[in-house]
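The chain contents come next:
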Amino acid sequence: MTTAMVIFVVALAFVGVGTPLVRGWAIKLGFVAAPRADRAHKEPTPLMGGVAIYGGAIVALLAATWLVSTFIGPVLRLPELFGILASASLMAAIGLWDDRRRLDHKVKLLAQLAPVALVMWSGVRISLRVPPAVNVLLTACWLLYITNAVNYLDNMDGIAAMLGAVSGAFFTLIAVLNGQYLVSMLAAALTGASLAFARYNLPLPQARIFMGDAGALFLGFMLAVLGIKLRVPGNTNLVTWMVPVFVLGLPIFDTALVFISRRRRGVSFFKGGVDHTTHRLQRLGMDKLSVALAVGLVNCGLGILAAFIMQAQIGEAYATAGMALALALYVLWRIEFRADEQIRVG
């Protein structure tokens, strides 16, 4: 717990101090997001916030790795840790490239296969009692889905930062309770970096800097890795597989909603748009700050359910999951199939 707190504080301080500096560099280098019809923001806003998030998280993790190795001993698998950091760095670089050049979605997806392959090679993969090829496929699908789902949810001021802070906090708590040094360290770094960045990214009254794809892909990838690495030894895998699904339930739901909505309208899934859950909440009357806070609140609720399922019996866990799924389907029905076109697509 002490190590996780140190990492959290270092990441919080580094990003808190570094974000204004990065904002200045973004303006000088021309990393500025111009308003577009398929985006929610109305004024030019500096990008590169992801550089501050990435830098704060990496600095905190490297410092903590030295402290743990020096004062606690060899409790970390360093090759796996550095494999995760290297692959996350590559994913952040792809995001920064996209921020600068606006890559075609096919090129962007193909590029993401490199960090996915690297992190699996370092030992991060789903381990079910199925043929190895199936585990590799499931791991790749999970990593790509969650990474891009978080990126898609970075569509309004403060949303992805709140998601990273709250999801990271619950991953930290669950990992600490189960004695997982590596997961707790990674999650604490994300929590501190995301929370510090939220100070500049929340609409107070408007975001001063965006994290861009560099930040959103980095956050999404790291959260996906945490979901795979999380272990709950005191319960059966028939239950504990749900824990990361609940923690990351919001981006999972939002991406599914957008996919279904665009298939119904015959619109490409890979285009930008203002048809996400957050946009629909705003059109229902909420302001941007209220939407961001609502995202954090819903994410907290899902995290609490994940903590409950962590220690639940099989019957309790599946009953809870069934009710959550029914609620998600009801919300999907109300805001997609029952809502008028103005609410759905603006």
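All of these numbers come straight from a predicted model, not from anything done at the bench.

A. The packing of helix H6 (residues 159-177) against helix H7 (residues 181-201), seen in detail. One can describe the packing of H6 onto H7 by two numbers: an axis separation of 7 Å at closest approach and a directional angle of 155 degrees. One way to sum up the angle between H6 and H7 is to call them roughly antiparallel. With respect to the hand of their crossing, H6 and H7 are arranged in left-handed fashion. Judged by residue contacts, Ala161, Gly164, Ala165, Gly168, Ala169, Phe171, Thr172, Ala175 and Val176 of H6 engage Val183, Ser184, Ala187, Ala188, Leu190, Thr191, Ser194, Leu195, Phe197, Ala198 and Asn201 from H7. Of the residues contributing to the contact of H6 with H7, the split by class is 13 nonpolar, 7 polar and no charged.

B. Structural detail: the side chain of Asp98. Along the chain, Asp98 turns up in helix H3 (residues 78-101). Its relative accessible area of 10% is what places Asp98 among the buried residues. Looking at Asp98, its side chain comes within polar contact range of the main-chain nitrogen of Leu103, at 2.7 Å. With residues near it in sequence (within four places) discarded, Asp98 still touches Leu103, Lys108 and Asp213.

C. Highlighting the confidence of the model for the protein. When pLDDT is averaged along the protein, the result is 91; 95% of the residues meet or exceed 70. Model confidence for the protein, summarised as mean pLDDT per element, is weakest for strand E1 (residues 32-33) at 83 and strongest for helix H10 (residues 242-247) at 97.

D. The pattern of salt bridges, seen in detail. Applying the stated criterion to the full structure yields 7 salt bridges. A salt bridge links Lys229 to Glu80, with the nearest nitrogen and oxygen atoms 2.6 Å apart. With Lys229 in helix H8 (residues 212-229) and Glu80 in helix H3, this pair connects stretches of sequence that are 149 residues apart. The same class applies to Lys229 as to Glu80, namely buried. Here Arg265 makes a salt bridge to Asp275, at a shortest N to O gap of 2.5 Å. Of this pair, Arg265 sits in helix H11 (residues 249-265) while Asp275 is found in the loop between H11 and helix H12 (277-283), placing the two residues 10 residues apart along the sequence. Judged by relative accessible area, which is 30%, Arg265 ranks as partly exposed. Salt bridges linked by common partners bring Asp98, Lys108 and Asp213 together as one network.

E. Focus on unusual backbone geometry. Along the chain, Leu204 connects to Pro205 via a cis peptide bond; the corresponding omega equals 0 degrees. With respect to the secondary-structure elements, Pro205 resides in the loop between H7 and H8. Here Met48, not a glycine, exhibits a phi torsion of approximately 75 degrees, which is positive. You can see Met48 is positioned in the loop between strand E2 (45-46) and helix H2 (49-72).

F. Structural detail: the nonpolar core. Core analysis: the biggest nonpolar cluster contains 90 residues, and Leu143 and Leu186 have the highest contact counts within it. Looking at this core, the element that brings in the most residues is H7, giving 13 residues. In this structure Leu186 touches Leu61, Leu81, Ile84, Leu85, Met222 and Leu226, once residues within four positions along its chain are discounted.

G. Looking closely at helix H14 (residues 314-337). The end-to-end C-alpha separation of H14 is 33 Å, in line with the 34 Å expected for 24 residues at 1.5 Å each. Buried residues of H14: Ala317, Thr320, Leu332, Ile335 and Glu336, and no others. In this structure, the buried residues of H14 make contact with helix H9 (237-240), H10, H11, H12, helix H13 (288-310) and helix H15 (341-345).

Rules of the game
- All residue numbers refer to positions counted from 1 along the written sequence of the respective chain.
- Thresholds applied to this predicted model are a pLDDT of at least 70 for local features of residues and 80 or more for the giving and counting of side-chain atom pairs; totals over whole chains, interfaces and linings are not thresholded and use all residues.
- Values reported for side chains reflect all heavy atoms of the structure, with hydrogen atoms and water molecules removed beforehand.
- Lines fitted to C-alpha atoms define the axes here, with helix axes fitted over just the stretch in contact, and angles between the N-to-C directions of these axes take values from 0 to 180 degrees.
- Every helix listed is a DSSP run of H or I at least four residues long, and every strand listed is a run of E at least two residues long, numbered separately from the N terminus.
- Geometric relationships in this document are graded by angle, where less than 35 degrees denotes roughly parallel, more than 145 denotes roughly antiparallel, 65 to 115 denotes roughly perpendicular, and other angles denote oblique.
- For any helix crossing, the convention is left-handed if the near helix is rotated counterclockwise from the far helix by under a right angle, and right-handed if that rotation is clockwise.
- Contact criterion: two residues are considered in contact whenever any of their non-hydrogen atoms come within 4.5 Å of each other.
- As a working rule, the residues Ala, Val, Leu, Ile, Met, Phe, Trp, Tyr, Cys and Pro are called nonpolar, Asp, Glu, Lys and Arg charged, and the rest polar, with Gly in that last group.
- For each residue, the accessible area found with a 1.4 Å probe, counting protein chains only, is set against the maximum for its type, and the residue is called buried under 20%, exposed over 50%, and partly exposed in between.
- Two N or O atoms form a polar contact when they lie within 3.5 Å of each other; inside protein one atom must be a possible hydrogen donor and the other a possible acceptor, and for residues adjacent in sequence the pair counts only when both atoms belong to side chains.
- The score called pLDDT rates the predictor's confidence residue by residue, from a low of 0 to a high of 100.
- By definition here, a salt bridge exists when the distance from a side-chain nitrogen of Lys or Arg to a carboxyl oxygen of Asp or Glu is within 4 Å.
- Nonpolar core, defined: a set of buried Ala, Val, Leu, Ile, Met, Phe, Trp, Tyr and Cys residues in which side-chain atoms within 4.5 Å join the residues together.
- Given a helix with a known number of residues, its expected span is that number minus one, times 1.5 Å.

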